[in-house]
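# Coordinates in review
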Amino acid sequence: MTDIIHLLPDSVANQIAAGEVIQRPASVIKELVENSIDAGASMVQVLVTDAGRTCIQVIDNGKGMSETDARLSFERHATSKIQKADDLFALHTMGFRGEALASIAAIAEVELRTRRPEDDLGVSITIEGSRITSQEPISCPAGANFAVRNLFYNIPVRRKFLKGNRTELANILSEFERIAIAHPNVAFTLSHNEEQMLNLPAGNFHQRVLGLFGKRIDSKLLPVQTDTDLVRISGFVGTPESAKKKSAHQFFVTNSRYMRHPYFAKAIQTAYERLIPDGYQVPFFLCLEVEPSQIDVNVHPTKTEIKFTDEQDIWHILLVAIREALGKHNAIPSLDFTAADRPDIPIFAPSAGTGGSSAPQPPTIHINPNFNPFSAGKSKPAVQSGWEAAYNLDDLPSIPTDHPTLQADFAGSLASISGLQPNTSDLQANTSRLQASLPIDSALASSSPTLFGDLPAEEASVWTSTDSTYYQYQGQYILTSAEQGLLLIDQNRASQRILYDQYRHRMTEGTSATQGLLFMQIIQLSPSQAHIAESIGEDLDSLGFNISNLGGGSFSILGVPAGTEGLDPVALLQTILDDAEATMLSSDKDNSNAARETLHHTLAASMARKAATPIGESLSTKEMKALCDALFASSLPGYAPDGKPIIVTLSPAHIARLFS
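The structure reproduced in this document is the subject of the present report. (Residues numbered from 1 in each chain as written. Predicted model: local features only at pLDDT ≥ 70, side-chain atom pairs only at ≥ 80, totals over all residues. Heavy atoms only, no water.)

What follows covers unusual backbone geometry. You will see that Phe 152, though not glycine, has its phi angle at about 60°, which is positive. Summarising the element assignment, Phe 152 is placed in the loop between β6 (143–149) and α5 (156–160). Of note in the backbone geometry, Ser 256 takes a positive phi value of approximately 65° without being a glycine. Along the chain, the position of Ser 256 falls in the loop between β11 (250–254) and β12 (257–259). (Helix = DSSP H or I, 4+ residues; strand = E, 2+ residues; numbered from the N terminus.)

This part covers the sheet that holds strand β4 (residues 122–128). With mixed pairing, eight strands are arranged side by side in an open sheet as β5-β4-β3-β6-β2-β1-β7-β8. Edge strands, defined here as strands with exactly one partner in the open sheet, are β5 (131–138) and β8 (195–200). Taken over all neighbouring pairs, the strand axes of this sheet differ in orientation by 10° on average, direction set aside. Relative to β6, strand β2 (residues 55–60) is paired through six bridges, and the arrangement is antiparallel. Bridge pairing in β6 places Cys 55 opposite Arg 149. Most of the contacts of helix α2 (residues 25–38) go to β2, to which it runs at about 15°, and overall it touches β1 (43–49), β2, β6 and β7 (187–192). (Pairing = 2+ DSSP bridges. Axes fitted to C-alpha atoms, helices over the stretch in contact; angles between N-to-C directions. Contact = heavy atoms within 4.5 Å.)

This paragraph deals with empty space enclosed by the protein. Rolled over the atoms, a probe sized like a water molecule indicates the empty space that remains. Counting across every chain of the model gives two cavities of 30 Å³ or more. Estimates place the volume of the second largest cavity at around 40 Å³. Looking at the second largest cavity, the residues that line it are Leu 230, Val 290, Gln 294, Ile 295, Phe 308, Thr 309, Asp 310 and Ile 314. Split into classes, the residues belonging to the lining of the second largest cavity amount to five nonpolar, two polar and one charged. (1 Å grid on protein atoms, 1.4 Å probe; cavity = no way out; pocket = protein on both sides within 12 Å on 5 of 7 lines; lining within 4 Å. Points joined across faces, edges and corners; volume = space filled by probe spheres on them. Nonpolar A, V, L, I, M, F, W, Y, C, P; charged D, E, K, R; others polar.)

Further remarks concern the packing of aromatic side chains. Considering all chains together, one arrives at 12 aromatic pairs under this definition. Both rings, one in Phe 176 and one in Phe 188, keep their centres 5.7 Å apart while their planes meet at 80°; by these two values the pair is edge-to-face. Within this pair, whereas Phe 176 is found in helix α6 (residues 165–182), its partner Phe 188 is found in strand β7, the two being separated by 12 residues in sequence. A single burial state applies to Phe 176 and to Phe 188, both of which are buried. (Phe/Tyr/Trp six-rings, centres within 6.5 Å; stacked < 30°, edge-to-face > 60°. Buried < 20%, exposed > 50% of the residue type's maximum accessible area, 1.4 Å probe, protein only.)

Let us now look at the side chain of Ser 526. Here Ser 526 lies in the loop between β19 (514–524) and α17 (527–535). Take Ser 526: its relative accessible area is 2%, and that puts it in the buried class.

Laid out in structure tokens, this is it:
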């Protein structure tokens, strides 16, 4: 019987390992750029063709490699970063596994040109599928130049499941932002299809944040600085006004390494309790410096997860640091008990008086109960009563002399208010004559004055009409009857469904309706969102937006979709781009009609949420009827674009059970 266990060939083992390390073109850029940083490069250039499908080139001015090191670097577990297991707890480099280059060479065609500054000639090595096809000396600049072509060329399944160029480029930009913000002392450039997208000079952390996300964000940032024995925290957090529902810029950097840490993010969210609405997020850019022996970065091949020895203590330090920053810059309400520079307010002393006079007396009201403004020959008293002072008789409208009925009734009403009580039977008779002489709706005249006394005639007649079948409850729900029973309709979700169908129709037919703005608005976008705004420009046009790229991540808004004039154009466009970015980064569809359909759904749903009838808005009967008619004529009346129900039906049997 033969043995069945055997060692896999290196090429197969490298392809298996590449499945964890290299997931998409952005992963290649991450590994190569981190190697350049570990090599001491002060300048890194990244050139991408077709979102990394065709070619990814990373050029640096680091210390380069010798001919032997260059060839050995493509072997699995070959590294210059560590030599023994204890070195894992004293890491000062980005990489240490020795798997990246071997994984890249296993699933792509790789060419490396490198030279050390002290060497006269460099070396060029070409590898295809883990096999070295050529090696020769060449003349090249000091540093390293990696060119990765035809990614996943020998793994058709992986290449097939790459997303479209728009999605892959968005992932590249997102990964590039993380690396660039963690290393502000290194200059970076990024070009796509020979067009430069980013040019970040070397500087400090503050300059790098502004270089990536625009100078407009500076007014929304608060500095954070604290130093303890466990951790040193520095960076910036957003003001409460900068909170967003999604896609807030949030970056943790630990020992110059970008990381994801939901537990620490919860500490920041806790610091903003009762300062921002539930579900909102604030941007933050925080650097944590800890002893390498107190963390473990060897958790995942991507090295974006880090374990901390003193995790709970750092959580509390982070919480206190953020609250201190908010308090120092008056970002939270505070009570000032300082007595310095306060105005000198004299204390009122009733016995002392003012200016040597006696204490002030409370005001009194003088009333003349015998005064009658309609008595002939009597002049107006010098002092008016409280009623007369509040309602000046000289300002009252004049009563036509040719209308004796109004004259008599008006006199009787004033006499009643002034304390002169006319005969009750006469007052009732006058009221009857008044109703007969004025054109008052019969429905209103016959109604109880306690029910409709404060309503206009047209509104009172609507509520007394038996044809009215639409009622609004708490400014959110519309109640109406149908054959199935009593319908409860969420007016906000109903409006979303109606608008969603309209926006989808506009994008399909290209019939946009744009409302021009009187004053141009400017929006500042991050590199990844600027790319998204460019890539979905046609879709934004079909919705009704009129935007123009000003360069440097700035876009001008010249027009907005018709029907959204009351909304903030910058906030509206920012919300749509946030939703589009989240959809593109998380989409599992390739560059096909299905992917475009998903994007159109996201854009239309985002627009509908912003422009829908808000909760709490009062609607007239005609508006409620029009809303319900449009809802029942929509594509899917029962559900909002996000899948939530719009209509709840109470059947007659169910209502009867409620009263049983």
